[in-house]
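# Structure at a glance
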Amino acid sequence: MASEEYKREYGQHLVEQVVKGQMTRRQLLVRASVFGLSLTAAGQLLAACGGDDTGSSASPAASGMPEPVMGGTVKMIGPAPITDPDPVTIYDQGGIVLVYQFLEYLIDLADDNALVPKLAESWTANETVDVWTFNLRQGVTFNDGTPFEADDVVTSMERVLDPDSGSGALSQLGGVLSPGGTKAIDAATVEFSLDKPFADFPYMVSSGNYNTAILPRTYKGDIIKNPVGTGPFMLDQYVTKQKATFKKNPTYWGKDDQGRQLPYLDGLDYTMVEDNSAQNLQLQSGAIDLQPQTVFQGAQALFSDPNLRVDIYPGTGIREVAFNVTKDPWKDNPNLRKAVAYCLDREAINMALYDGRSNLGYDTFWEPSVFAGSPPSTPRAQDYDMAKQLLSDGGMPNGMDITLTFAKYLENPQYAQIIQEQCKPAGINVKLDQLSYDAYYAGDDNDYYGTTPWINGAMTITEWGSRPAPGIYAAAMLLPDAVWSSSHWDNKDFVDTFNQYEATVDEASRMDLAAKLSQIQSDDTPILLAFYITQLRTQKKNVYGVHGPGSFYCDMSMAFMSA
Amino acid sequence: MLRLIGRRLLLMVPTLILASLLIFALAEVLPGDVGRSILGPYATQEQVQLLNEKLGADRPLVVRYASWAGNFVTGDWGESALQKVPVRPLVLKAFGNSLILAGFALVLIVPTSIVLGMFSGLRRDSVLDRTITVSTLSMTVIPEFVSGVVLLYVFAVWLKWLPVSALPPDGSNFLDRLYYLILPAIPLMFLELGYISRMARVGTVQVLSMPYIRTAVLKGVPRSRVIFGHVLRNAMVPTVTVIGSQVGWLIGGLVVVETLFVYPGVGKLMVDAAKTHDVPVLEASVLMVAIVYMLANLVADIIVALLNPRIRMGG
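Let me sum up the structure you'll find in this document. (Residues numbered from 1 in each chain as written. Chains lettered and ligands numbered in written order. Predicted model: local features only at pLDDT ≥ 70, side-chain atom pairs only at ≥ 80, totals over all residues. Heavy atoms only, no water.)

In terms of helices and strands, chain B carries 14 helices and 0 strands. Written out in order from the N terminus, the α and β elements of chain B read α-α-α-α-α-α-α-α-α-α-α-α-α-α. In terms of principal-axis extent, the alpha carbons of chain B reach across some 85 × 55 × 35 Å. Taken across its 315 residues, chain B has 48% of its residues classed as buried. Within chain B, contacts between residues separated by at least 24 positions form 72% of all contacts whose residues are at least 6 apart in sequence. Side-chain charges in chain B split into 26 positive and 18 negative, and the spacing between the mean points of these groups amounts to 18 Å. (Helix = DSSP H or I, 4+ residues; strand = E, 2+ residues; numbered from the N terminus. Buried < 20%, exposed > 50% of the residue type's maximum accessible area, 1.4 Å probe, protein only. Contact = heavy atoms within 4.5 Å. Lys, Arg positive; Asp, Glu negative; His and termini not counted. Charge placed at Lys NZ, Arg CZ, Asp CG, Glu CD.)

This part takes up a nonpolar patch on the surface. Residue and element names in this part refer to chain B. Side chains of Leu18, Leu22, Leu26 and Val29 sit close together on the surface and give an oily, nonpolar patch of about 420 Å² of accessible area. Its place among the elements puts leucine 18 in helix 1 (residues 2-29). By relative accessible area, which is 53% here, leucine 18 ends up exposed. (Patch = residues over 30% accessible without salt bridge, like charges linked within 9 Å, V, L, I, M, F, W, Y side chains within 5 Å. Areas by Shrake-Rupley, 256 points an atom, 1.4 Å probe, with all protein chains shown as cover. Salt bridge = Lys/Arg side-chain N within 4 Å of Asp/Glu carboxyl O.)

Let's shift gears to helix 3 (residues 45-55) of chain B. All names here are of chain B. Along helix 3, the residues classified as buried are Gln45, Gln47, Val48, Leu51 and Asn52. Along helix 3, the residues classed as buried sweep out an arc of 160° about the axis, all on the same side. Among the exposed residues of helix 3, those oriented more than 90 degrees off its buried face are Glu46 and Lys54. Directly after helix 3, the chain includes glycine 56, whose backbone phi takes a positive value near 80°. (Arc of directions from axis to C-beta.)

Residue and element names in this part refer to chain B. One can describe the packing of helix 6 (residues 127-140) onto helix 8 (residues 174-208) by two numbers: an axis separation of 6 Å at closest approach and a directional angle of 140°. Viewed along their axes, helix 6 and helix 8 adopt a mutual orientation that is oblique. The chirality of how helix 6 crosses helix 8 is left-handed. Between helix 6, through Asp129, Thr133, Thr136, Leu137, Met139 and Thr140, and helix 8, the contact on the second element is made entirely by Phe190, Leu191, Leu193, Gly194, Tyr195, Ser197, Arg198 and Arg201. For the contact of helix 6 with helix 8, the class distribution of residues is 6 nonpolar, 5 polar and 3 charged. (Axes fitted to C-alpha atoms, helices over the stretch in contact; angles between N-to-C directions. Parallel < 35°, antiparallel > 145°, perpendicular 65-115°, else oblique. Left-handed = near helix turned anticlockwise from the far one by under 90°. Nonpolar A, V, L, I, M, F, W, Y, C, P; charged D, E, K, R; others polar.)

Here we take up the interface of chain B and chain A. Taken residue by residue, the interface counts 40 residues in chain B and 46 residues in chain A. Together, the buried faces of chain B and chain A total about 3600 Å²; carbon and sulfur atoms form 56% of this surface. The three residues of chain B that bury the most area against chain A are Tyr42, Gln47 and Gln83 of chain B, which together make up 20% of that side's buried surface. On inspection of chain B and its partner chain A, the count reaches 1 salt bridge. Here lysine 243 of chain A ties to aspartate 170 of chain B by a salt bridge, and the two come within 2.6 Å at their closest N and O atoms. Elements represented by at least two residues in the side of chain B that touches chain A include exactly helix 2 (34-39), helix 3, helix 7 (144-158), helix 11 (255-260) and helix 12 (266-275) of chain B. By residue class, the composition of the side of chain B that touches chain A is 19 nonpolar, 11 polar and 10 charged. (Buried area = accessible area lost by both parts, 1.4 Å probe.)

Another aspect to go through is the packing of aromatic side chains. According to the stated counting rule, one finds 37 aromatic pairs over all chains in the structure shown. Arranged with centres 5.2 Å apart and planes meeting at 45°, the rings of tyrosine 252 of chain A and tryptophan 253 of chain A form a pair that is tilted. Note on tryptophan 253 of chain A: relative accessible area 22%, which makes it partly exposed. Aromatic side chains tryptophan 366 of chain A and tyrosine 501 of chain A sit 5.6 Å apart centroid to centroid with 85° between the ring planes, which places their arrangement in the edge-to-face category. Placement of tryptophan 366 of chain A in the loop between strand 13 (359-360) and helix 12 (384-393) and of tyrosine 501 of chain A in helix 18 (residues 492-502) is noted, with a sequence separation of 135 residues between them. Per residue, the accessibility class of tryptophan 366 of chain A equals that of tyrosine 501 of chain A, and both read buried. Taken together, the ring pairs in this structure connect Phe365, Phe371, Trp464, Tyr473, Trp484 and Tyr532 of chain A into an aromatic cluster. Over the ring of tryptophan 77 of chain B we find arginine 88 of chain B, and its NZ or CZ is 6.0 Å from the ring centre. (Phe/Tyr/Trp six-rings, centres within 6.5 Å; stacked < 30°, edge-to-face > 60°. Lys NZ or Arg CZ within 6 Å of the ring centre and 35° of its normal.)

Okay, here's the thing in structure tokens:
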């Protein structure tokens, strides 16, 4: 099928879904982006739907944003990278936010997780969704003057797929894209031949999979010494565990809607501070302009500071409460797992942990308030009668004693205590097993995944950063071959349905399959998902134009400071 | 005296060897490994093993120690596997920063503590004595993360009199650096004031009860001469010993203050290195602090010997 014809048909299909009420307008934008429809084309589709344009990107005037001001340096604050960042292996906030300033991905994520063309101008799949063709942006150069070409994409992907590289992307791409599956058709076209159909593949080469940043083909693993990238800024100075400074890339390809050269800013200063209290105090003192990620705990003073603005935007980060189904009492006993689920008062949890600002979850990844294209969810209210009945059905009529293992990190301890309190009335006694962060993620040298507590505890709380689509989450933790599966869940019906789901393009069919997946996950409840964490970003009131979804990204290419 | 110094310096060698062995052994029992620290929890086991092989972290402990020690004594401190920079400049820079902060804090702490302790001792059981004792001990029990946050909020956020970070801008002169260190030095002063002034007070009270002080007073020696010529000199013996024992902590134990005030000192460097199994950095940092600790105690002993001839003779 010719790609343009294919896109036209797919666009028409999306319009029909909206007209039938089977998809919201926001969902149309997100799904359109997955199949490479441009914003203009998506806007035309919305117009075809009739009604108001509820697109995700408001114009500056409409959002009350002043006209961009050129120049200036924004002072940012955040944690130091755990190691000197290497884009191939980074996994922590400090490393990701830094490399994001001078490296780019084929695709970026908008604040609502819609895909935004970056180094790829467009992309399309074949009918069976197992071959994806990406058309690369022309005229882009790395900041050392080397032109960006398809070979750079091929080497970047092959690098992260090489087990020797140590890249975490391998765990995400495994089973979907193998070494040798990426080919340069010509200097401006790349083709990905997948191991299996995967409709969410564009997310895997987006900034949502942070190790897939595009590096020059000559990259030797020395990004700090040779910070060569195509991004809006250039790394100017890097002092380990202290600071990084950036200056604008004068040859950056990006321009705004008015044709003005991006970035607006002259530079960025990033101060590395581990402690959240210290970060907040620096913000309040006026020494810092922007904190890309603000942690809820301790942020109350920032909300009330007249000089600061805390942006709240939808996030998809979770705290996965996993029932290890290979261990008692959870083994072959979904009733007991669901009993715990019915003990939870999710609104109270949201209020206690996030001031009521996060989105509620009901133990499935297909949550429509968070992920576009998800079927309506079935809320799970606290119901102790139901919990006691499920306990009885599960062979524990007198209640049970369970152990919850978690790291002393972020809001995990508070969340664990709430679970403990809310389970008590049903007769479920939760023993809290709090470990240090290092101990929770430690494991034996010779058998890490067979020994580490976060994968092997009977019941665990594990913090996950944002993922852009429910399929990405499910592939990472709910499939039997997922290396990060704390639940060890192995449900054939779910696996078969999931494979169909990822091989399906038709949105109505995808919605049906998503409903089925959601039902299976809910019925079996291998994990509890009580909420999807809303993200906070704090800046001085004169800082505008900062974008970036999820917990780690911070797109400064359109940021500016008003007078 | 010279023999005493020589013997103490020689004793440092086996102590440092033992310390370095202990660090290697303790790093071994910490959960995790350097490969996992670099690649994170999401890398596969095979990837971590490959990296550990490349870094030589999979070799037996004895082999790794022998290799590290052999290089260290020849001046090659190795490279940080995590930061990918040579260890020596990394550690020496952090150590230098810690020395400056500790030195500045000591300049504030020592005279203030001694003066307060002396006054307290000279006015034993008076209102002044009780006021000094209660207030300095109260300050001592406030954890530095509490006093630090309060001080930051009041002086940096609210009044904006002092900078919120201890790290001055690049190119700052020495006085600017000290200005930036005022706020972080105050929690340290709070912690040490009660302890050292208490020792100065006890020393003063003890010396005041000595027969030779009574004799001097009865002989009509002026009070100022009694205090500065006899009391101060002898009362300082326990105080100096305590100060000597605190110097090591002031250089290597300021993790909380360094974290809160964003100061790149050796304490934070050590903790980070321990958490990430960066053994070369951990070894070098701990040994530097150990050397300072031992030297500070040696200097304290020398000062005590100079203050008290009986100790010198015994030595």
